[in-house]
Amino acid sequence: MLTVIISLSCCVCAFASNTSADVINEEDKVYPFVLIRGMDLQGVRVDVGTENERPAMGEITAGGVIGTLAKATVKGIVNGSMDPAVGTVVDYIRGIFEYYSIDCNGQPVYNTGMKEYPLSMDHYTDFDDGESKNEEGMIRTAKEKYGGKYVYYINYDWRLNPLEVADTVNEYVERACRETGCEKVNLVCASMGGVMTVAYLSKYSCDRVNKCVFLSSTFCGTYVTSDLLQGNVTVGAAQLRNFAYTYLGENKLLTPVLKLLDLTGIWDGVAKLANRFVSRYKGMVYDEFLRDVFGNMPSLWALVLPEDYEACKEFMFGGKESEYAGIIAIADELQDMMSKRDDMLGAAVADGMKICVVANYGRQVIPIYDRSYQNGDGTLETHLVSGGAVVAPIGETLGEDYVCSNPEYLSPSREIDASTCLFPEYTWFVKGAPHVSGNYGSDYSDFIFWLVDYNGQPTVRSNPKYPQFMQSASDQHIDFE
């Protein structure tokens, strides 16, 4: 199960008229709505568009899991060692993710890809209008608000080089402008869509973008990728406990069970056992599975922080630089792109592009890497999602003695100092909301579309209904912090 968690973490993807005065576009202009979705692990398909199309992820069945565990147990007993048993489990998991593999030049090993929607959304009658969660929920809302003619949905292969995906984004943007007669679009990028947007803006400029909304996005990289690509795998007891409360704590039937586990001190024991396993078998998992299935994905290398880049290259490719020369060259180029990100975004804003950053916090990220103590949205770390805020650990504050350079940006609970963000005046925080919120019909969705529709550049003081610091439960109902 730890191996499964490691693998999942590493893959770690024109407006119609409106009568409200504060939500019409600048000078009553109409801009196409373009959404760049995040990573969709289950969306990768084999032989897309053919009669043989099928999910790339191998089928996970009870029989398959039980059979694998039984086989592993027998091998362990016969050999008197856990090594062959763990090897059996790793082989099974690799089989599940085999079709995700990327070669040493950053290209899919198999004929795989994503279902795409290259035209405006009014062309796709098979798109499920009943979808209500995450990106699909936002597309449903946008279609109802603006009409499908002005809505574009970029569902791309998140494994690929962001600078290649940038070409796809440019095609969508140009088509949206051409088909609607508009000069610019409003761009919303969710999760992995953040780094794809950085690549697009870096390669094609901001000339076609009226407003860009970074929603729970990777535009500043991620700690989880940096840690896992340099082998910094650790299970923390406190983080393990927080993770359980994050995903089970709202269930009233399970709350007493969690409290009972607290009394037993089981979290420390589980963490010690897990770390003992990691220490012994981490090398096997990376060598036989993670390195060649996920390690060659260019998108992940774009998320590595600059200070960790050399350590990540050494851990993943040390001694095999010639074999992995292709992906190393791509990673070098992506690191160069990200090193210029802050200046590029600042210049884009100076040139008139409106920008909004939305970050969630108060939910434990997956507790298997060194910096998983970072406060987050259950998937990504708030410090990076927000573009540099100072964030207290979950359940803690920055303290009464903490000095904020500008108290206007200190949250009422003293958990976040937004003054250190790239764009403090344009960055909002929602406590308790899950990663990539925006479900159809939710308060959170209303907030996102207020940002998009606002006349000009919204700030954290533009609307008393949406201050810089808000809070939400998993139902995405928003209140003041």
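In the block above lies the structure referred to throughout.
First things first, this report covers the structure right here in the doc. (Residues numbered from 1 in each chain as written. Predicted model: local features only at pLDDT ≥ 70, side-chain atom pairs only at ≥ 80, totals over all residues. Heavy atoms only, no water.)

## Regarding the sheet that holds strand β3 (residues 54-55)
Working definition: the strands of a sheet are paired by backbone hydrogen bonds and lie parallel or antiparallel to each other. Spatially, β3-β2-β4 is the arrangement adopted by the 3 strands of the open sheet, whose pairing is antiparallel. In this open sheet, the two strands that pair with only one neighbour each are β3 and β4 (112-113). With 2 bridges connecting them, strand β2 (residues 45-46) and β3 associate as antiparallel partners. Looking across to β3, one finds that R45 is bridged to P55. (Pairing = 2+ DSSP bridges. Helix = DSSP H or I, 4+ residues; strand = E, 2+ residues; numbered from the N terminus.)

## Considerations on the packing of helix α12 (residues 309-317) against helix α13 (residues 325-339)
Running from N to C, α12 and α13 cross one another at 165°; their axes reach a closest spacing of 12 Å. Between α12 and α13, the crossing angle belongs to the class labelled roughly antiparallel. Like other packed secondary-structure pairs, α12 and α13 cross with a definite hand, here right-handed. Across the interface between the two elements, Y309, K313 and F317 of α12 pack against I327, I328, A331, D332 and Q335 of α13. (Axes fitted to C-alpha atoms, helices over the stretch in contact; angles between N-to-C directions. Parallel < 35°, antiparallel > 145°, perpendicular 65-115°, else oblique. Left-handed = near helix turned anticlockwise from the far one by under 90°. Contact = heavy atoms within 4.5 Å.)

## A word on the packing of helix α4 (residues 134-146) against helix α16 (residues 443-453)
Two elements in contact, α4 and α16, have axes whose closest approach is 11 Å; the angle formed by their N-to-C orientations is 55°. Judged by the angle between their axes, α4 and α16 are oblique. For the pair α4 and α16, the crossing hand works out as right-handed. Here M138, T141, A142, K145 and Y146 of α4 come into contact with α16, specifically with S445, I448, F449, V452 and D453. A per-class count over the contact of α4 with α16 returns 6 nonpolar, 2 polar and 2 charged. (Nonpolar A, V, L, I, M, F, W, Y, C, P; charged D, E, K, R; others polar.)

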